Amino acid sequence: MLSLRQIVQSEKSRLHLAIALGATASLLMIWQCWLLATLCDLALHQQPIPSSLLLHILVLWLLRPLLLAAKDLLGLSASQNICTSVRHQLLQLISQAGPLRQRIASDGDLSTRLLEQVDALDPYISRYYPQLYLVVLCPLFISVAVATQSLLAALLLLATAPLIPLFMILLGKKAAQASQQQVQALGLLGGRFLEFLRGAATIRQLQAEPQVLNRLNNASEEYRKRTMSVLSKAFLSGAVLELFASLAIALVALYLGLGLLGELPWAKAEIPVSYQPALFILLMAPEFYAPLRQLGSDYHAKAQAEAAFASLAPIWTLPLCRGGDSPAPTEAVCIEFQQFSLQGSEHRTALLTDIQAKVLPAQRIALTGPSGAGKTSVLESLLGFQQPAQGQIKIGDQKLTDLNLAQWRQQLLYLSQQSQWLSGSLRSNLLVAKPSATEAELKLVLQQALCADFVFALPAGLDTVLAESGIGLSGGQLQRLALARALLKQSWCWLLDEPASMLPKEQQQHYFQQLEQLSRGKTLLLATHQLQQLDWLDQVWLIVQGQIVAKGTVTEIQAHPLYQASYAQESQ
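All values reported here derive from a predicted model rather than from experimental measurement. (Residues numbered from 1 in each chain as written. Predicted model: local features only at pLDDT ≥ 70, side-chain atom pairs only at ≥ 80, totals over all residues. Heavy atoms only, no water.)

Draft legend 1. Layout of the overall build of the protein. Per the secondary structure count, the protein includes 19 helices and 14 strands. The buried share of the protein, taken over its 572 residues, is 48%. Considering only contacts in the protein between residues 6 or more positions apart, those separated by 24 or more positions represent 77%. Total accessible area computed for the protein in this model is approximately 27700 Å², and 58% of it derives from carbon and sulfur atoms. (Helix = DSSP H or I, 4+ residues; strand = E, 2+ residues; numbered from the N terminus. Buried < 20%, exposed > 50% of the residue type's maximum accessible area, 1.4 Å probe, protein only. Contact = heavy atoms within 4.5 Å. Areas by Shrake-Rupley, 256 points an atom, 1.4 Å probe, with all protein chains shown as cover.)

Draft legend 2. Looking closely at the pattern of salt bridges. By the definition in use, this model includes ten salt bridges. For the salt bridge of Glu441 with Lys434, the shortest nitrogen-to-oxygen distance reads 2.7 Å. Take Glu441: its relative accessible area is 27%, and that puts it in the partly exposed class. A residue is classified by how much of its surface remains accessible, and Lys434, at 23% relative accessible area, is partly exposed. Put simply, Arg364, Glu516 and Arg520 are held in one network by salt bridges that share partners. (Salt bridge = Lys/Arg side-chain N within 4 Å of Asp/Glu carboxyl O.)

Draft legend 3. Molecular detail of the sheet that holds strand 5 (residues 364-368). Read across the sheet, six strands follow the order 8-11-12-5-13-14 without closing on themselves; strand pairing throughout is mixed. Edge positions in the open sheet fall to strand 8 (412-415) and strand 14 (547-552), since each of these has one partner strand only. Direction aside, the axes of adjacent strands within the sheet are offset by 15° on average. Here four bridges tie strand 8 to strand 11 (residues 493-497), and the two strands are oriented parallel to one another. Paired with Leu415 across the strands is Leu496, a residue of strand 11. Where helix 11 (residues 375-383) meets the sheet, its contacts fall on strand 5, strand 8, strand 11, strand 12 (523-527) and strand 13 (539-544), and the angle it forms with strand 11 comes to roughly 145°. Set on the sheet, helix 16 (residues 475-487) makes contact with strand 8 and strand 11; between it and strand 8 the angle comes to about 170°. (Pairing = 2+ DSSP bridges. Axes fitted to C-alpha atoms, helices over the stretch in contact; angles between N-to-C directions.)

Draft legend 4. Quick look at the environment of Gln411. Along the chain, Gln411 turns up in the loop between helix 12 (405-410) and strand 8. What Gln411 contacts, discounting residues up to four positions off in sequence, is Pro329, Thr330, Ser491, Trp492 and Cys493.

Draft legend 5. Spotlight on the packing of aromatic side chains. Summed over all chains, the structure comprises eight aromatic pairs. Looking at Lys551, its charged tip hangs above the ring of Trp541, at a distance of 5.6 Å from the centre. (Phe/Tyr/Trp six-rings, centres within 6.5 Å; stacked < 30°, edge-to-face > 60°. Lys NZ or Arg CZ within 6 Å of the ring centre and 35° of its normal.)

Draft legend 6. Local environment of the packing of helix 5 (residues 122-147) against helix 6 (residues 151-160). Their axes nearest at 7 Å, the elements helix 5 and helix 6 cross at an angle of 155°. Considering the angle they form, helix 5 stands roughly antiparallel to helix 6. Contacts from Ser143, Val146 and Ala147 of helix 5 reach helix 6 at Leu151, Ala153, Ala154, Leu157 and Leu158. The class makeup of the residues in the contact of helix 5 with helix 6 is seven nonpolar, one polar and no charged. (Parallel < 35°, antiparallel > 145°, perpendicular 65-115°, else oblique. Nonpolar A, V, L, I, M, F, W, Y, C, P; charged D, E, K, R; others polar.)

Draft legend 7. Structural view of the nonpolar core. In this structure, Leu90, Leu121, Met284, Ile335 and Phe337 are the most contacted members of the largest nonpolar core, which totals 95 residues. Among all residues touching Leu90, those that are not within four sequence positions of it are Leu114, Val118, Leu312, Ile315 and Trp316. By size, the runner-up hydrophobic cluster in this structure holds 48 residues, among which are Val445, Leu531, Val544 and Tyr563. (Core = buried A, V, L, I, M, F, W, Y, C linked by side-chain atoms within 4.5 Å.)

Draft legend 8. Looking closely at the side chain of Ser26. The topology assignment puts Ser26 in helix 2 (residues 12-44). Ignoring anything within four residues of it in the chain, the contact list for Ser26 reads Cys138 and Phe141.

Draft legend 9. Quick peek at the pairing of strand 6 (residues 390-395). With five bridges joining them, strand 3 (residues 335-343) and strand 6 adopt antiparallel strand pairing. Each bridged residue has a counterpart across the sheet, and for Ile335 the counterpart in strand 6 is Ile395. Strand direction decides the pairing type here: strand 6 and strand 7 (residues 398-399), joined by two bridges, are antiparallel. Looking at the pairing, Ile395 lines up with Gln398 of strand 7. Here strand 6 folds back onto strand 7 in antiparallel fashion, the turn holding two residues, of which Gly396 has a positive phi close to 70°.

Draft legend 10. Summary view of unusual backbone geometry. In this model, Gln46 sits at a positive phi of 55°, which is unusual for a non-glycine residue. By the secondary structure assignment, Gln46 is in the loop between helix 2 and helix 3 (51-97). Residue classification places Gln46 among the exposed residues on the basis of a relative accessible area of 74%. Even without a glycine there, the phi angle at Asp354 is positive, about 50°. With respect to the helices and strands, Asp354 occurs in strand 4 (residues 350-359).

Draft legend 11. Quick peek at the packing of helix 5 against helix 10 (residues 275-316). Relative orientation of the contacting elements helix 5 and helix 10 amounts to 155°, with a least axis distance of 8 Å. With respect to helix 10, the axis of helix 5 lies roughly antiparallel. In terms of crossing hand, the pair formed by helix 5 and helix 10 is left-handed. When the residues that make up the contact of helix 5 with helix 10 are grouped by side-chain class, the tally is 21 nonpolar, three polar and four charged. (Left-handed = near helix turned anticlockwise from the far one by under 90°.)

Draft legend 12. Structural view of the pairing of strand 11. Among the five residues in strand 11, five count as buried, and that is most of the element. Here strand 11 shows two buried faces, one formed by Cys493, Leu495 and Asp497 and the other by Trp494 and Leu496. Read from strand 11 through helix 17 (residues 505-518) to strand 12, the crossover connection turns out right-handed. (Right-handed = clockwise from strand over helix to strand, strands pointing away.)

Draft legend 13. Representation of helix 14 (residues 439-448) within the structure. What helix 14 keeps buried is the set Leu442, Val445 and Leu446. Buried residues along helix 14 cover an arc of 105° about the axis, so they all sit on one side. Every exposed residue of helix 14 that faces more than 90 degrees away from the buried side is listed here: Ala440 and Gln447. The elements touched by buried residues of helix 14 are helix 13 (426-430), helix 15 (452-455) and helix 16. With its phi angle positive at about 65°, Leu450 sits one or two positions after the end of helix 14. (Arc of directions from axis to C-beta.)

Draft legend 14. Empty space enclosed by the protein, seen in detail. Tallied over the entire structure, the rule returns one cavity of 30 Å³ or more. The calculated volume of the largest cavity comes to roughly 40 Å³. Around the largest cavity, the lining residues are Pro99, Leu100, Arg103, Leu342, Glu380, Ser381, Phe385 and Gln386. Residues belonging to the lining of the largest cavity are distributed by class as follows: four nonpolar, two polar and two charged. (1 Å grid on protein atoms, 1.4 Å probe; cavity = no way out; pocket = protein on both sides within 12 Å on 5 of 7 lines; lining within 4 Å. Points joined across faces, edges and corners; volume = space filled by probe spheres on them.)

Draft legend 15. Layout of the side chain of Gln508. Within the secondary structure, Gln508 is located in helix 17. Judged by relative accessible area, Gln508 falls into the buried class, the value being 7%. Those residues in contact with Gln508, other than ones at most four positions away along the chain, are Ala500, Ser501, Leu503 and Gln530.

Set out below in structure tokens:
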């Protein structure tokens, strides 16, 4: 899995240039402090001030901010490039994951992560990463310059410097924990908000707006409290860092002041550091601690970025199947599972274990068993989204992992339990499967899928506008429309996952009768809980806990004790 430091490497040349500009600005600051100390010393002794000295101070006064501005711009540019690249990579992974993305989070939560959490990486890249180097280089330059004037003052600076990072780490851990909780709360809030938007039409029909608004208000109030908790910890740690930096500067100033007055206990009536070097050191003391204080402030950006990156980590670790270059078969071939196993999320749960089965060309098979047994996983494994834990699937004489997966998926007719619908007309949603489909083809598939009666009864017919996720039609109507859309594809292999689960019982018989006629000559795998009206199937696989425990006809499987037990459990 990638780390934050690894993703930064793609823009390391730009970031290293930013670090070099910051270090150069630090050297110019040392020079500027020396010239200012010289100017004050000349003024104190009422000596003439050369115009070249004033010119040098003016040039440095203008040049240093320009270098720092260029450093910040380079950091921002690198951050934008990296965030854009990361977002594109994550979008590509999610698109390749297909249904696997639902194992990570809802679409609303994933959208929030891609928008909010990727942007949360910006402060780490643009500020914290360069500051990690500058916090070493800048104090090192200053301590060397101070040591040339007073070794004791340099030792005081170096001795007090570790206090700031120490307290930064101690206080930063609390802020990091709060940031992690904040990321989780934001993802949940984003997912909930998107689900409410998708169901806005239904909410209005049920007149449930007050309840929904109340839940949103409660969730946003909880998020506000979490935000204020994170900010309070950040402000507290920032105040502590400023306190220790001020005390350290005061200690150096006390040494230099007592030295100029000749009141040091170990050097009575002596001036160990004269006025000009003392002023030079005092001018640089705040700059010595400035990179450390800045790192302390940016440490909270690091904590936030780590929390955000942790929320993106599950996407990076998706066990995707990349496929190969072999052309996919365009005609029915044998499909064989050979000791095939699939692992669940984070390799903790076995979805399928040692599946050994063969599907002959044009054979129609039902997958049945209790909820969570692995029926959907068998269908999804044929889509080639997930890399198998062991074993393989043979498509004809080729491994599924060797096929061009994009071409292979074009040969499949796949209906999930909940099909995806876009905000737009019925026509535009149907044409997703075949943009070149004619009006006659649309009418034909609507009739075949038993949709023509209610579609053409609508006032606008095929031009009726659907809300996102198909809101506006019943679940059974959407399932029949999903079949109509799928029929526009010329596929030899059909994968159907509970295609009639939302239809009333009286309509399911007519649906399966129609499905029997439409699927003749096709290779069909049908995941279903019940086997009524399915006597026309060639074979049934009974799946329990990710394993095929029995194969046989519909009658044989219905008489199986494990099927009867699971069917009784589902009926309760």
